[in-house]
Amino acid sequence: MSHRAANKGTALITGASSGIGAVYADRLAKAGYDLILVARNADRLGALAGRLTRETGRAVATIAADLTQAADLAKVETALKTDASITVLVNNAGVGATASLLTSDLDKMEQLITLNVTALTRLAHAAAPGFVARGDGTIINISSIVAVNPELLNGVYGGSKAFVLAFSQSLHHELADKGIRVQAVLPGATATEFWDIAGLPARHLPQGSVMSAEAMVDAALAGLAQGELVTIPALPDKADWDAFERARAALAPNLSLAVPAARYL
């Protein structure tokens, strides 16, 4: 198949120089997407782009950007707003934390919120209008299992990933009928540099709890192909998540009433 015939548009991937983002880049290039890879490390980005172009023949552009810096973030927003070839946004860039709130550096926690919440939101907002105008597009937001298990790690990290889940569910509600696919991916522990940066190397995690980045991304892409809004790669039985969602939906009719519940009177 020729380069032109195989082209499915362009996927913009943040946090693309290593780990989960680099695997998304590999898989999407091999699936027929051109790429725009975003990360801080320009050397790593260049090396990955060169390898993928050689192996797949896809066009691979790079944007060296620190998404916690407004000027760098604006460069990526501009690309999403102006490049009509972009059909997929993978909001993967993020940072974690494992220390308790009381022992955390608050400036680092603020930076975590800037990357995990603010940057992700701004990039989705930059991409969505063009996707809607073209009637096609996919937004993949990388959340975490701590979105539904916030007691597990640092609470600011858990809160940031709970935001990603809620934001994705709201985006789906708003955009699904406009032809836009939204997926929130909730990985468990994944074998990447993430854990070293967060302060808990993956080798110290319980045996059998750490998935490879390759297996995680392949599962997430399978979930996307199956039309899932929320994909939890490790969850053996999807019925468990469906029951969780049914319970949440069952609360909805009684969450906002004029009279307090009898137990409070």
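In case you missed it, the structure is sitting above this.
Not measured: the values here are computed from a predicted model.

*Asks:* Explain the packing of aromatic side chains here, please?
*Replies:* The way to describe two aromatic rings as a pair is by their centre distance and the angle between their planes. Tallied over the entire structure, the rule returns two aromatic pairs. Ring geometry for Phe163 and Phe167: centres 5.5 Å apart, planes at 10 degrees, overall stacked. Taken together, the residues Phe163 and Phe167, both in helix α6 (residues 155-175) and four residues apart, mark about one turn of the helix. Overall, Phe167 belongs to the buried group, its relative accessible area being 17%. Ring centres 5.0 Å apart and planes at 25 degrees place the aromatic pair Trp241 and Phe244 in the stacked group.

*Asks:* Can you walk me through the side chain of Asn141 in this structure?
*Replies:* With respect to the helices and strands, the residue Asn141 is situated in strand β5 (residues 137-142). Asn141 gets classed as buried once you look at its relative accessible area, which sits at 0%. Here the side chain of Asn141 touches Asn91 through a polar contact of 3.1 Å, side chain to side chain. Of the polar contacts made by the side chain of Asn141, one reaches the side chain of Ser168; its length is 3.0 Å. For Asn141, the residues in contact, after removing those within four places along its chain, are Asn91, Leu120, Val164, Phe167, Ser168, Leu171, Gln183, Ala184 and Val185.

*Asks:* Would you take a moment to explain α6 for this structure?
*Replies:* Count 3.6 residues to each turn of an α-helix, and residues three or four apart come out pointing the same way. With 21 residues, α6 should cover 30 Å at 1.5 Å per step; its first-to-last C-alpha distance of 30 Å lies within 8% of that length. Restricting attention to buried positions, one finds in α6 the residues Val156, Tyr157, Gly158, Ser160, Lys161, Val164, Leu165, Phe167, Ser168, Gln169, Leu171 and Leu175. Where α6 begins, the side chain of Asn154 points an oxygen toward the backbone nitrogen of Val156, at a separation of 2.8 Å.

*Asks:* What am I meant to see in the packing of helix α2 (residues 19-30) against helix α8 (residues 213-225) here?
*Replies:* The relative placement of two packed helices is expressed as an angle between their axes plus a distance between the axes. Here α2 crosses α8 at 55 degrees, and the two axes come no closer than 9 Å. With respect to α8, the element α2 is oriented oblique. Of the two possible hands of crossing, α2 and α8 adopt the one that is right-handed. Here Gly19, Ile20, Val23, Tyr24, Arg27 and Leu28 of α2 come into contact with α8, specifically with Ala213, Glu214, Met216, Val217, Asp218, Ala220 and Leu221.

*Asks:* Please explain the packing of helix α5 (residues 106-134) against α6 as it appears in this structure.
*Replies:* Their axes nearest at 9 Å, the elements α5 and α6 cross at an angle of 10 degrees. By the angle between their directions, the pair α5 and α6 is classed as roughly parallel. Residues Met109, Leu112, Ile113, Asn116, Val117, Leu120, Thr121, Ala124, Ala128 and Val132 of α5 form the contact with α6, whose participating residues are Val156, Tyr157, Ser160, Lys161, Phe163, Val164, Phe167, Leu171 and Leu175. Looking at the contact of α5 with α6, its residues break down into 15 nonpolar, three polar and one charged.

*Asks:* Which parts of the structure should I look at to understand α5?
*Replies:* For α5, which comprises 29 residues, the first-to-last C-alpha distance of 41 Å matches the rise-based estimate of 42 Å (1.5 Å per residue) to within 8%. Within α5, the axis deviates most sharply at Thr114, by approximately 30 degrees. For α5, the side-chain oxygen to backbone nitrogen distance between the N-cap and Asp107 is 2.9 Å, and the N-cap itself is Asp105. Gly135 lies just past α5 and shows a positive phi near 70 degrees.

Basis of the calculations
Residues numbered from 1 in each chain as written. Predicted model: local features only at pLDDT ≥ 70, side-chain atom pairs only at ≥ 80, totals over all residues. Heavy atoms only, no water. Phe/Tyr/Trp six-rings, centres within 6.5 Å; stacked < 30°, edge-to-face > 60°. Helix = DSSP H or I, 4+ residues; strand = E, 2+ residues; numbered from the N terminus. Buried < 20%, exposed > 50% of the residue type's maximum accessible area, 1.4 Å probe, protein only. Polar contact = N/O pair within 3.5 Å; in protein donor to acceptor, adjacent residues only side chain to side chain. Contact = heavy atoms within 4.5 Å. Expected span 1.5 Å × (residues − 1). Axes fitted to C-alpha atoms, helices over the stretch in contact; angles between N-to-C directions. Parallel < 35°, antiparallel > 145°, perpendicular 65-115°, else oblique. Left-handed = near helix turned anticlockwise from the far one by under 90°. Nonpolar A, V, L, I, M, F, W, Y, C, P; charged D, E, K, R; others polar. Bend = angle between axes of the 7 residues up to and from the residue.

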